[in-house]
Amino acid sequence: LPEQWTNSKKVAIQVKQQVAPLQANEVAIIRRKCASFDVKQHEFREVFRKLEAFKFDCQGPYAILDNCNADITDMEQEMAALQASAGLFEVNVPDYKQLKQCRKEIKMLKTLWDMIILVITSTDDWKTTLWSDINVEQMEMDSKKFAKDIRSLDKEMRAWDSFIGLDNTVKN
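The text that follows walks through the structure, step by step, so that each part is easy to find. Since we're looking at a predicted model, the values are computed, not measured.

1. A few points about the overall build of the chain
For the chain, the count of helices and strands is 5 helices and 0 strands. The secondary structure elements of the chain, listed N-terminal to C-terminal, are α-α-α-α-α. Once the C-alpha set of the chain is aligned to its principal axes, its extents read approximately 100 × 35 × 25 Å. Within the chain, the proportion of its 172 residues that are buried is 28%. Counted over contacts in the chain with a minimum sequence separation of 6, partners at least 24 positions apart contribute 79%. With 25 positive and 27 negative side-chain charges, the chain shows a separation of 8 Å between the mean positions of the two kinds.

What follows is the structure, given as structure tokens:
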């Protein structure tokens, strides 16, 4: 039995030596894929920041957000596959913060557009109300609630054109 163990250790060393070049090659491939994905996520981030949904006068924001969400999900799946491959070969993978920031911002954009649509539909409804049916107190309470809700939104949104447009709509 000790002889078999010694033979097994020798075979393991030989196999390890034979596999080492293949393993090194695979590590190099994974590192190249990581670098390529890093460039891809930076490019995606640049395109993402120019989305029409960041503008208040955007037409069809939900369709834009849905498409962008699908793109982010695809990239996240690609990132997960890369991380799994890298884990097998003990390769360190970057954090890909740009992609994570896109995910965070698309959630904030969705929340913002929900608020924008709510305010716009409410004000449009008020505009079609007959003079005799106007409830000024209720309108004032709704306006104050909108202003409060807007202030409670994430502070990162405040520089976005869509947020500024919403804020101005509620103030006026």
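2. Brief notes about the pattern of salt bridges
A complete count under the given rule lists 12 salt bridges for this structure. With a shortest N-O distance of 3.0 Å, Arg45 and Glu105 are connected by a salt bridge. With a gap of 60 residues between them, Arg45 in helix H1 (residues 2-49) and Glu105 in helix H3 (residues 97-127) connect regions that are remote in the sequence. With relative accessibility at 11%, the residue Arg45 sits in the buried group. The exposure class of Glu105 is buried, given its relative accessible area of 4%. Across the pair Glu76 and Arg103 runs a salt bridge, and its minimum N-O distance is 3.0 Å. Placement of Glu76 in helix H2 (residues 61-88) and of Arg103 in helix H3 is noted, with a sequence separation of 27 residues between them. The class for Glu76 is partly exposed, based on a relative accessible area of 25%. By relative accessible area, Arg103 is classed as buried at 17%.

3. A word on the packing of H2 against H3
Helix packing geometry: the angle between the two helix axes and the distance between the axes. Contact pair H2 / H3: the axes reach a minimum separation of 10 Å and the direction vectors enclose 160°. When the axis of H2 is compared with that of H3, the two are roughly antiparallel. Crossing of H2 against H3: the hand is left-handed. Facing H2, whose interface residues are Pro61, Tyr62, Leu65, Cys68, Asn69, Ile72, Thr73, Met75, Glu76 and Met79, H3 presents Leu99, Cys102, Arg103, Ile106, Leu109, Lys110, Trp113, Asp114 and Ile117. For the contact of H2 with H3, the class distribution of residues is 13 nonpolar, 2 polar and 4 charged.

Conventions we followed
- Residues numbered from 1 in each chain as written.
- Predicted model: local features only at pLDDT ≥ 70, side-chain atom pairs only at ≥ 80, totals over all residues.
- Heavy atoms only, no water.
- Helix = DSSP H or I, 4+ residues; strand = E, 2+ residues; numbered from the N terminus.
- Buried < 20%, exposed > 50% of the residue type's maximum accessible area, 1.4 Å probe, protein only.
- Contact = heavy atoms within 4.5 Å.
- Lys, Arg positive; Asp, Glu negative; His and termini not counted.
- Charge placed at Lys NZ, Arg CZ, Asp CG, Glu CD.
- Salt bridge = Lys/Arg side-chain N within 4 Å of Asp/Glu carboxyl O.
- Axes fitted to C-alpha atoms, helices over the stretch in contact; angles between N-to-C directions.
- Parallel < 35°, antiparallel > 145°, perpendicular 65-115°, else oblique.
- Left-handed = near helix turned anticlockwise from the far one by under 90°.
- Nonpolar A, V, L, I, M, F, W, Y, C, P; charged D, E, K, R; others polar.

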